[in-house]
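Descriptive analysis of the structure
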Amino acid sequence: MIEFRNISKVYNNGTEALHNINLKVEKGEFVFIVGSSGAGKSTFLKLITCEEKPNEGQIIVDGIEITALPKRKVPYFRRKMGMVFQDFRLIDHMTVYDNVAFAMRVVGASGRVIRKRVPYILSLVGLQHKAKQHPTELSGGERQRVGLARALVNNPSIIIADEPTGNIDPALSFEIVDLLSEINRRGTTILMVTHEHSLVKHFHKRIIQIHSGQIVADTAAALEAAEKAEETAEEEVTEDIVAVPNDEIAEDITSEDLISEDYEEEEADIEDIETDDEDLPAIEEIEIGENGFEDIESGDDTFEELAGDLADEDDSIEDFVNDDDDDLNDSLFSDDSEFLKEDDDSEFDFNLDDLNLDDIEIDENYEIGSDSISDDEE
């Protein structure tokens, strides 16, 4: 996204603000730029926004070499950026809504787009309820949030914040950086100049330290060096592990001597466990009829015995059902039978129609209701 190639800047009074700066900021990064007063932080930002031009080197922003950019194209280039200033730079006679909308009117946005976009941005920074108020009616933190909303409203690819927490309370400073972090998570590249080390320590972002016009520390470079050292160490360890053995060692490795006795014993145990199919009974076919198992064909005597047992049980059930009919007749029509007990009117208590005589074999010579029996029955 941003690249400095051998950049140096010397002012007309002979002050060297930057000397031979080389760095890259990738798209979507959040970078803190720290350093003491006069170290060159502000000059660094001014070179990116084309407020100043370097004496030497090249600056490339979003694929554009801005060191050779004509002045007439600078305003269009700046539309890629959003600026947040330490002193807010709001227009006091405009409302919060109009301060944010003004940034859209400058780039030619339509009224319909402005009416839709501005309330949305104000809601992102938590100022939707302050839209009709003026900057003088707001606190320092609220005014900086208006400045942040103005920087964000045109959906820039880069936001440059120059000491955005310098004029607000320390507690509110964390809120502003939290908002910047949320914007960064949405894909916007953030460059923030600050001298508050507590913020830098709290938010674990990339840190570039400038001292006397030179970059003296860059956490990204340190991290990259550490990663390279770790990769080199891993490659050395890998080479030691995968070293090819000599022929003698290779022969030993591929010989049968490497197979332990325990392993051979385990193989033998496994062979003992394995059995032939002949040892296991195989069920070839089982047919189930309406009354249960009618036929079981098996390749083993065990299942033939089971079929025989089932057949025996069927015979026993038939014997039980087809028991002597005479005994049943005697039990139904005996003098002691509950079915044939007489009441006081010498009438039977039950209806003969309820008795299913079709299922009972009755002797033809037996007379129902008679106290006598035939000579043959006697």
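This is a predicted model, so every value here is computed, not measured. (Residues numbered from 1 in each chain as written. Predicted model: local features only at pLDDT ≥ 70, side-chain atom pairs only at ≥ 80, totals over all residues. Heavy atoms only, no water.)

Considerations on the overall build of the protein chain
Of regular secondary structure, the protein chain possesses 12 helices and 12 strands. Put simply, of all contacts in the protein chain between residues at least 6 apart along the chain, 63% involve residues at least 24 apart. Accessible surface, the protein chain: about 25,400 Å² in total, of which carbon and sulfur atoms supply 46%. (Helix = DSSP H or I, 4+ residues; strand = E, 2+ residues; numbered from the N terminus. Contact = heavy atoms within 4.5 Å. Areas by Shrake-Rupley, 256 points an atom, 1.4 Å probe, with all protein chains shown as cover.)

Concerning the confidence of the model for the protein chain
The predicted coordinates should not be examined in detail at positions where pLDDT is low. Looking at the protein chain as a whole, the pLDDT averages 75, with 61% of positions reaching at least 70. Here residues 273-300 scores under 50 on pLDDT; set against residues more than four positions off or in separate chains, the count is 23 contacts. Low pLDDT, under 50, characterises residues 320-329; the predicted model gives this stretch 4 contacts beyond four residues in sequence or across chains. (pLDDT = per-residue confidence, 0-100.)

Section: the layout of surface pockets
Put simply, the largest pocket is a space of about 880 Å³. Arg78, Met81, Gly82, Met83 and Phe85 are the residues nearest the centre of the largest pocket, which is lined by 27 residues in total. With 4 residues, helix α3 (residues 96-106) is the single largest residue contributor to the lining of the largest pocket. Split into classes, the residues belonging to the lining of the largest pocket amount to 12 nonpolar, 6 polar and 9 charged. (1 Å grid on protein atoms, 1.4 Å probe; cavity = no way out; pocket = protein on both sides within 12 Å on 5 of 7 lines; lining within 4 Å. Points joined across faces, edges and corners; volume = space filled by probe spheres on them. Nonpolar A, V, L, I, M, F, W, Y, C, P; charged D, E, K, R; others polar.)

A short note on helix α1 (residues 41-48)
Taking burial as the measure, the 8 residues of α1 include 6 buried ones, the bulk of the element. Within α1 the residues assigned to the buried category are Lys41, Thr43, Phe44, Leu45, Leu47 and Ile48. Just beyond α1, the residue with positive phi is Cys50, at close to 70°. (Buried < 20%, exposed > 50% of the residue type's maximum accessible area, 1.4 Å probe, protein only.)

Things to note about the packing of helix α5 (residues 140-152) against helix α6 (residues 170-185)
The description of two packed helices rests on the angle between their axes and on the distance between the axes. One can describe the packing of α5 onto α6 by two numbers: an axis separation of 10 Å at closest approach and a directional angle of 15°. Classified by the interaxial angle, the pair formed by α5 and α6 is roughly parallel. The chirality of how α5 crosses α6 is right-handed. Residue-level inspection shows Gly141, Gln144, Arg145, Leu148 and Leu152 of α5 in contact with α6, the latter providing Leu172, Ile176, Leu179, Leu180 and Ile183. Looking at the contact of α5 with α6 residue by residue, the class counts come to 7 nonpolar, 2 polar and 1 charged. (Axes fitted to C-alpha atoms, helices over the stretch in contact; angles between N-to-C directions. Parallel < 35°, antiparallel > 145°, perpendicular 65-115°, else oblique. Left-handed = near helix turned anticlockwise from the far one by under 90°.)

Points about the pattern of salt bridges
Under the defined criterion, the tally for this structure stands at 10 salt bridges. Across the pair Glu3 and Arg5 runs a salt bridge, and its minimum N-O distance is 3.0 Å. A residue is classified by how much of its surface remains accessible, and Glu3, at 19% relative accessible area, is buried. The network of salt bridges with shared partners includes Glu29, Arg206 and Asp218. (Salt bridge = Lys/Arg side-chain N within 4 Å of Asp/Glu carboxyl O.)

Here we look at the environment of Ala109
Along the chain, Ala109 turns up in the loop between α3 and α4 (111-124). We classify Ala109 as partly exposed; its relative accessible area is 25%. Put simply, Ala109 and Asn154 are 45 residues apart on the chain and 9.2 Å apart in space, counted from C-alpha to C-alpha. With sequence-adjacent residues up to four places away left out, Ala109 is seen in contact with Met104 and Ile114.

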